[in-house]
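Here's the letter readout for the chains.
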Amino acid sequence: MKKALPAIAVLVCAAILLNSCAVSSNTVTAQNPKVENSNDGSKSCFVQFNDGTVKQYSSLKLVTGVLTTPHLLADNNIVLNAKDIMAYQDNHYYAVSSKIITSNKKSQVAVDALPGFAIKILSGKLNVYSRKYYNGGNTVEEFFLQQGNDGFIIAYSKDVLKSMLKEDNKALEFFNGKTKVTPWSKKILAAVEIYNNGQMITKN
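Owing to the predicted nature of the structure, the values given are computational and were not obtained by experimental measurement.

Trainee: Help me understand the packing of helix α3 (residues 169-176) against helix α4 (residues 184-195), please; the structure alone is not making it clear to me.
Mentor: The geometry of α3 relative to α4 is characterised by a closest axis approach of 8 Å and an angle of 170° between their N-to-C directions. One finds that α3 runs roughly antiparallel with respect to α4. Note on packing geometry: the crossing formed by α3 with α4 is right-handed. Two secondary-structure elements touch here, α3 through K170, A171, F174 and F175 and α4 through K187, I188, A190, A191, I194 and Y195. Across the contact of α3 with α4, the residue classes tally to eight nonpolar, no polar and two charged.

Structure, rendered in structure tokens:
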């Protein structure tokens, strides 16, 4: 019996370690789930569902209306609801759900994408996403930034963008410069384009 006790102790310790690793892995996945990347330059349509599965469609259309809950219509007859979707690409945009972007603002606007979804408007080393939300009676545009296709998608702020541009003096100097660009969003996009200039830049 005495000989069996050390063996049992080793097994218990191993089980505890394996369990803690599994919990840690699940936590990272929940914070930054693996999202299917858009095929920049391609107009293929696909939907990534909350469970991570990806399904291709021949067509994907955003449906909105006064008495209609915004949804996607796939292949002209399949209704797909926003609550079931993590990301999708239609013939115009690649869009990601509010589930995987960091923002405290809620959006019920469905203009270019499903409510709460942000569309990719610039691609490169640094990606830029845009989302629209109501601010009282007005519609406001909110930006998100992502380094590479696997980075976190985080809400824009001057400090966040400066931190992301620090590797490129030209881009950082332009953003920090006194040159007035209106609207303010154009200066953000221009700075990101300078940063991305070392590789092909694509709109959405």
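That shown, we press on.
Trainee: What exactly am I supposed to notice about the sheet that holds strand β5 (residues 78-81) here?
Mentor: Working definition: the strands of a sheet are paired by backbone hydrogen bonds and lie parallel or antiparallel to each other. Taken in spatial order, the three strands line up as β3-β4-β5 in an open sheet, and their pairing is antiparallel. Of all strands in the sheet, those bounded by a partner on one side alone are β3 (60-65) and β5. Direction aside, neighbouring strands of the sheet carry axes that sit 35° apart on average.

Trainee: What exactly am I supposed to notice about α3 here?
Mentor: Residues three or four positions apart in an α-helix share a direction because the helix packs 3.6 residues into each turn. Restricting attention to buried positions, one finds in α3 the residues A171, L172 and F175. The buried residues of α3 occupy an angular sector of 95° when the element is viewed end-on, so they sit on one face. Residues of α3 that are exposed and angled more than 90 degrees away from the buried face: N169, K170 and E173. In this structure, the buried side of α3 is in contact with α2 (158-165) and α4. The backbone nitrogen of K170 lies 3.0 Å from a side-chain oxygen of the residue at the head of α3, namely D168.

Trainee: Is there a simple way to explain the sheet that holds strand β1 (residues 45-49) in this structure?
Mentor: Across the sheet, nine strands lie side by side as β2-β1-β6-β7-β9-β10-β11-β12-β8; this open sheet has mixed pairing. Only two strands of the sheet have a single neighbouring strand rather than two, namely β2 (54-57) and β8 (101-102). Note that strand β7 (residues 94-96) and strand β9 (residues 118-122) share two bridges and pair antiparallel. By the bridge assignment for β9, V96 is matched with A118. Packed onto the sheet, α2 meets β10 (126-135), β11 (138-147) and β12 (153-155) and runs at close to 30° relative to β11.

Trainee: Explain the pairing of β10 here, please?
Mentor: Side chains on a regular strand alternate between the two faces of the sheet. The buried fraction of β10 amounts to seven of the ten residues, a majority that puts the element mostly inside the structure. Across three bridges, β9 lies against β10 in antiparallel orientation. Bridge assignment links K120 to a residue of β10, and that residue is Y129. Taken together, β9 and the strand that follows it, β10, pair antiparallel across an intervening segment of three residues. As judged from the ten bridges shared by β10 and β11, these two strands associate in the antiparallel manner. If you follow Y129 over to β11, its bridge partner there is F144. Turn length for the β10-β11 hairpin, with the two strands adjacent in sequence and antiparallel, is two residues, and the turn residue G136 shows positive phi of about 75°.

About the thresholds
Residues numbered from 1 in each chain as written. Predicted model: local features only at pLDDT ≥ 70, side-chain atom pairs only at ≥ 80, totals over all residues. Heavy atoms only, no water. Axes fitted to C-alpha atoms, helices over the stretch in contact; angles between N-to-C directions. Helix = DSSP H or I, 4+ residues; strand = E, 2+ residues; numbered from the N terminus. Parallel < 35°, antiparallel > 145°, perpendicular 65-115°, else oblique. Left-handed = near helix turned anticlockwise from the far one by under 90°. Contact = heavy atoms within 4.5 Å. Nonpolar A, V, L, I, M, F, W, Y, C, P; charged D, E, K, R; others polar. Pairing = 2+ DSSP bridges. Buried < 20%, exposed > 50% of the residue type's maximum accessible area, 1.4 Å probe, protein only. Arc of directions from axis to C-beta. Polar contact = N/O pair within 3.5 Å; in protein donor to acceptor, adjacent residues only side chain to side chain.

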